[in-house]
Amino acid sequence: MRNVTPILLGLLVGLAGCNTGTPYPNLSPIAGAQVSANPNPRGSEAYCRQYARQTAANQYENLVDRGEDEFGARALKRQSALADGDRAYQRCLTRGTG
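Below, the structure is looked at part by part. Keep in mind that what you see is a predicted model, and the values were worked out from it rather than measured.

1. Details of the packing of aromatic side chains
And step 1. Per the stated rule, a full pass over the model turns up one aromatic pair.
And step 2. With a centroid separation of 6.5 Å and an interplanar angle of 5°, the aromatic rings of Tyr47 and Tyr51 are classed as stacked. Within this pair, Tyr47 and its partner Tyr51 are both found in helix H2 (residues 45-63), separated by four residues, close to a single helical turn.

Okay, structure coming up:
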């Protein structure tokens, strides 16, 4: 029983770390993006900025293959995702809803 306790404690500590503060599961390089509802008032500029961040982060997660992509490929995919976020920002400002 003594040998099992440190192992169980280690597993619990490891699992607790998985749930603390990671904005996206794979550490998205899009600053400020969160996996949650947009907390800002709908139609506001703050709402549109957060909508753009989340759109860019989602697109990046869809594009990137962390097991195969090297730094250069990830950088290009990040730029593409940021461009998608910029377009989402403009749409949001125009429509007021995202």
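2. Here's the deal with the nonpolar core
And step 1. Tyr47, Cys48, Ala52, Tyr89 and Cys92 form the largest nonpolar core, which has five residues in total.
And step 2. Secondary structure elements with two or more residues in this core: H2 and helix H3 (71-95).
And step 3. Among the elements that line this core, the one with the most residues is H2, at three residues.
And step 4. Dropping the residues within four chain positions of it, Ala52 is found in contact with Gly85, Ala88 and Tyr89.

3. As for H2
And step 1. Over its 19 residues, H2 extends 27 Å from the first C-alpha to the last, a length consistent with the 27 Å expected when each residue adds 1.5 Å.
And step 2. Here H2 has its buried residues at Tyr47, Cys48, Gln50, Ala52, Gln54, Ala56, Ala57, Tyr60 and Glu61.
And step 3. Turning to H2, the residues buried within the fold contact H3.

4. Digging into the pattern of salt bridges
And step 1. In the structure shown here, the tally under the stated rule is two salt bridges.
And step 2. Between Glu45 and Arg49 there is a salt bridge, and its shortest N-O distance comes to 3.6 Å. Residue Glu45 and its partner Arg49 are both found in helix H2; the two are separated by four residues, about one turn of the helix.
And step 3. Its salt-bridge partner being Asp84, residue Arg87 comes within 2.0 Å of it at the nearest N-O pair. Of this pair, Arg87 and Asp84 both sit in helix H3, three residues apart, which is roughly one turn of the helix.
And step 4. When its relative accessible area of 46% is taken as the criterion, Arg87 is described as partly exposed.
And step 5. Of the residues examined, Asp84 reaches a relative accessible area of 17% and is grouped as buried.

Calculation notes
- Every residue gets a number counted from 1 within its own chain, in the order that chain's sequence is written.
- Under the rules for a predicted model, residues below a pLDDT of 70 receive no local features and side-chain atom pairs below 80 are neither given nor counted, while totals for whole chains, interfaces and linings still include all residues.
- In computing side-chain values, all of the structure's heavy atoms are included and hydrogens and water are not.
- For Phe, Tyr and Trp, where Trp contributes only its six-membered ring, two rings pair if their centres lie within 6.5 Å, and the inter-plane angle classes them as stacked under 30 degrees, edge-to-face over 60, or tilted in between.
- Labels follow the DSSP assignment, with helices taken as runs of H or I lasting at least four residues and strands as runs of E lasting at least two, numbered in each case from the N terminus.
- Working definition of a nonpolar core: buried Ala, Val, Leu, Ile, Met, Phe, Trp, Tyr and Cys residues. They are joined through side-chain atoms within 4.5 Å.
- Per-residue accessibility, obtained with a 1.4 Å probe over protein chains only, is compared with the maximum for each type, and a residue is labelled buried under 20%, exposed over 50%, and partly exposed between these values.
- Contact definition: two residues touch when any of their heavy atoms are within 4.5 Å.
- How far a helix is expected to stretch is found by multiplying one less than its residue total by 1.5 Å.
- The term salt bridge refers to a pairing of a side-chain nitrogen on Lys or Arg with a carboxyl oxygen on Asp or Glu at a separation within 4 Å.

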